[in-house]
Amino acid sequence: MSRPRSRLRALLSSMSLWVVVALILGLVVGALVEVSGSAALTGAIEAVEPLGGVWLNALRITVIPLVFAMLVTGIVSIADAASTGRLAVRALVVFGIMLTASTIYAILAGLGLLNLWPIDPVAGQALLSGIPGDTIAAVGEAAHTDGLRAFLNSLAPSNLIKAAADDGVLGVVVFAIAFGFAATRLEPRLRTPLALFFEATAEAVVVIVHWVLLAAPIGVFALALGVGLRAGVGAAGVLGHYIAIVCLSQIGVIILVYLAVRVFGKIGFGRFSQAIAPAQVVAFSTQSSLASLPVMVERARDYLGVSHASAGLVLPLAVAVFRLTSPVANLAVCLYAAQLYGVPLGIAALIAGGLTAIAVSIASVGLPGQVSFFASVGPICLAMGVPIGVLPLLLAVEVIPDILRTIGNVTADLAATRIIAGDDEAETETAAAGI
């Protein structure tokens, strides 16, 4: 009896569960008040609603320092990894190609899915009517002009502090990348303390985000009250549609990973599927690529024909700096929010979102799911000029998409490992080759 009880306690202590409960409760209570027509209760809800805006602003203030600090430390760590040898360099090249391809796919798939299956405009506007007003960032407005000069100006703002204050995330990201590469050119006695400073800064901001997320059930409940009051429980249909769009985008990229490993890794679908299934099960149950690492190493070595040395280097590196589903899922969220708000996205805005998605996929590696959702999606939305007021409601239903994120990352890690080491180690096929 102790094991079921401990599992129940773990479930009840899960922040994701409480956020979902707060979302449902807020929608239902708001809808019931709307049906009742009580002016007093409506006034009470309108008095509580600002709490949601305060909570969202508390999260929003952490985005710029967190992304900047983690980009610098991520680039320094990649440079350090590249210095370890030819295999590490090859791995980083393959990771970069796959991330770029997944970003292009994400934009095409997200736009295609939303064109084939658009958001119900009535339900979407009803949902937005309960969310505090949000403004579009100035850099996003510039990107929407599709003008090359406006886009280039957003890459190199004349005043970095002003750009950060105006949510000019793309300029901040570009400067952080340049700063990170500049740090790799310093001698070790200067580079090491600088990297430690930004690593400590990132960790401190993550602690702040954790504190803010402790109030997530309250913040989501306050926001959901307003949505329920004005949109009713019909808002649940929009959230369900959102889950379907994000999940379909991720399923598509996972299928493409299977095709890529068949062509470039020279391994059959059946063998690859059976070899990685245990790692996918661990990913599903833990929602953690790091927790799946021991199983991934064992399956790559014993069932994918990868040497122990290659698996021991490539897979930890993949877990540290490579998240294939990050651009796919994050851009799907941003494209969904753009259609929800009716924000037109031209080529410049899509390029800005794609570049930011690749950068934050590196910066947010290793963060917990709820923290990485805001650290990853927020900067992309701001770079594209898309309001972020709806993100807390989308966070509340992120549980299912997050499972697919982890499964997709584990699948891509093993596929990349086979592709990277496959040509050199094809002759080392083990007894598992008969699978």
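So, here's what we can say about the structure. For every chain, the first residue of the written sequence is number 1, and numbering continues from 1 along that sequence. Per-residue local features of the predicted model are confined to residues with pLDDT of at least 70, and side-chain atom pairs are confined, for both listing and counting, to 80 or more; whole-chain, interface and lining totals are unaffected and use all residues. Water and hydrogen atoms were dropped before computing side-chain values, which therefore reflect all heavy atoms in the structure.

## With respect to the overall build of the protein
Secondary structure elements follow DSSP: runs of H or I no shorter than four residues count as helices, runs of E no shorter than two count as strands, and numbering proceeds from the N terminus. For the protein, the helix and strand inventory stands at 22 helices and zero strands. Out of the 435 residues in the protein, the part that is buried amounts to 52%. Sequence-distant contacts, at least 24 apart, represent 85% of the contacts inside the protein between residues at least 6 apart. All accessible areas in this document rest on Shrake-Rupley with a 1.4 Å probe, and a residue is counted as covered only by the protein chains that are shown. Total accessible area on the protein is roughly 18400 Å²; 70% of this is exposed by carbon and sulfur atoms. The rule is simple: take the accessible area with a 1.4 Å probe, protein chains only, and divide by the maximum for that residue type; under 20% is buried, over 50% is exposed, in between is partly exposed. Every residue pair with non-hydrogen atoms within 4.5 Å of one another is taken to be in contact.

## So, helix α13 (residues 216-231)
For α13, which comprises 16 residues, the first-to-last C-alpha distance of 21 Å matches the rise-based estimate of 22 Å (1.5 Å per residue) to within 8%. Burial of α13 is extensive: 13 of the 16 residues sit out of reach of the surface. A positive backbone phi angle near 70 degrees is found at Gly232, which sits one or two residues after α13. Expected helix span is computed as 1.5 Å times (number of residues minus one).

## Some words on the nonpolar core
Nonpolar cores were defined as sets of buried Ala, Val, Leu, Ile, Met, Phe, Trp, Tyr and Cys residues, with membership established by side-chain atoms within 4.5 Å. In this structure, Phe95, Leu127 and Leu414 are the most contacted members of the largest nonpolar core, which totals 129 residues. With 13 residues, the top contributor of residues to this core is helix α14 (residues 235-264). Beyond its immediate chain neighbours, meaning those up to four positions away, Phe95 contacts Val314, Leu317, Ala318, Val321, Phe322, Ala416 and Ile420.

## Examining a nonpolar patch on the surface
For patch detection, residues must exceed 30% relative accessible area and be free of salt bridges, and they are connected within 9 Å for like charges or within 5 Å for nonpolar side chains (Val, Leu, Ile, Met, Phe, Trp, Tyr). Salt-bridge detection follows one rule: a side-chain nitrogen of Lys or Arg within 4 Å of a carboxyl oxygen of Asp or Glu. On the surface, Leu116, Trp117, Leu248, Ile251, Ile255, Leu256, Leu259 and Phe269 cluster together into a nonpolar patch covering about 780 Å² of accessible area. Per-element accounting of the nonpolar patch gives the leading share, five residues, to α14. Within the element layout of this structure, Trp117 appears in the loop between α6 (86-116) and α7 (121-128). A residue is classified by how much of its surface remains accessible, and Trp117, at 42% relative accessible area, is partly exposed.

## Looking at helix α16 (residues 289-303)
Of all the bends in α16, the greatest, near 35 degrees, is centred on Val295. Taken together, the buried positions of α16 are occupied by Ser289, Ser292, Leu293, Met296, Val297, Arg299 and Ala300. We define a polar contact as two N or O atoms separated by no more than 3.5 Å, with the added condition that, inside protein, one atom must be a possible hydrogen donor and the other a possible acceptor, whereas residues neighbouring each other in sequence contribute only through side-chain atom pairs. For α16, the capping residue at the N-terminal end is Ser288, with a side-chain oxygen 3.4 Å from the backbone nitrogen of Leu290. Directly beyond the C-terminal end of α16, a positive phi value near 70 degrees is found at Gly305. The term bend refers to the angle at a residue between two fitted axes, each drawn through seven residues, those ending there and those starting there.

## Quick look at the side chain of Thr406
Relative to the helices and strands, Thr406 is located in helix α22 (residues 399-425). For Thr406, a relative accessible area of 5% gives the class buried. When neighbours within four sequence positions are excluded, Thr406 is seen to be in contact with Ala283, Gln287, Ser288 and Ser289.

## Focus: the pattern of salt bridges
Inspection of the entire model under this criterion finds three salt bridges. A salt bridge links Arg189 to Glu187; its shortest N-O distance comes to 2.9 Å. Classification of Glu187 as partly exposed rests on a relative accessible area of 42%. Glu398 serves as the salt-bridge partner of Arg405, at 2.8 Å between the closest nitrogen and oxygen. Comparing Arg405 with Glu398 shows no difference in burial state: the two are buried.

## A short note on the packing of helix α18 (residues 325-341) against helix α19 (residues 347-363)
For any two helices packed against each other, the geometry comes down to the angle between their axes and how far apart the axes lie. For helices, the fitted axis covers only the stretch in contact; all axes are lines through C-alpha atoms, and the angles between them, taken along N-to-C directions, range from 0 to 180 degrees. At a minimum axis distance of 9 Å, the contact between α18 and α19 shows a crossing angle of 140 degrees. Regarding the angle of α18 to α19, the classification is oblique. In this structure, α18 meets α19 at a crossing whose hand is right-handed. Contact with α18, carried on its side by Ser326, Pro327, Leu331 and Leu335, involves Leu350, Gly353, Gly354, Ala357 and Ser361 of α19 and no other residues of that element. Throughout, the ten residues Ala, Val, Leu, Ile, Met, Phe, Trp, Tyr, Cys and Pro are labelled nonpolar, Asp, Glu, Lys and Arg are labelled charged, and all others, Gly among them, are labelled polar. The residue makeup of the contact of α18 with α19, split by class, is five nonpolar, four polar and no charged. Note that the term roughly parallel is reserved for angles under 35 degrees, roughly antiparallel for angles over 145, roughly perpendicular for angles of 65 to 115, and oblique for everything else. Crossing handedness: left-handed means the near helix sits turned counterclockwise from the far one by under a right angle, and right-handed means the same turn made clockwise.

## Regarding the state of the cysteines
For this text, the term disulfide refers to a pair of cysteine sulfurs within 2.5 Å. As enumerated under the stated definition, the model contains zero disulfides in all. With no disulfide of its own, Cys381 lies 3.3 Å from the sulfur of Cys334, the closest cysteine sulfur. Judged by its relative accessible area of 0%, Cys381 is buried.

## Side note on the packing of aromatic side chains
In summary, the pairing rule links any two rings of Phe, Tyr or Trp, Trp by its six-membered ring, whose centres are within 6.5 Å, and it sorts them by plane angle into stacked for under 30 degrees, edge-to-face for over 60 and tilted for everything else. Enumeration over the complete set of coordinates arrives at eleven aromatic pairs. Aromatic pair Tyr242 and Tyr336: ring centres 5.4 Å apart, planes at 70 degrees, arrangement edge-to-face. Of this pair, Tyr242 sits in helix α14 while Tyr336 sits in helix α18, and the two are 94 residues apart along the sequence. An identical accessibility class is assigned to Tyr242 and Tyr336; each is buried. Ring centres of Phe373 and Phe374 lie 5.8 Å apart, and the angle between their planes is 80 degrees; this geometry places the pair in the edge-to-face category. Given a relative accessible area of 2%, Phe373 falls into the buried group. Members of the aromatic cluster, joined through ring pairs, are Phe68, Phe175, Phe179, Phe197 and Phe198. Of note, Arg299 hangs over the ring of Tyr303, and the distance from its end group to the ring centre comes to 3.8 Å. Look at NZ for Lys and CZ for Arg. If either is within 6 Å of the ring centre and within 35 degrees of the ring normal, a charge sits over the ring.

## A short note on the side chain of Ser289
Examined against the element boundaries, Ser289 turns out to sit in helix α16. The exposure class of Ser289 is buried, given its relative accessible area of 17%. If we ignore the near neighbours within four places in the chain, the residues touching Ser289 are Met296, Val319, Thr406, Asn409 and Val410.

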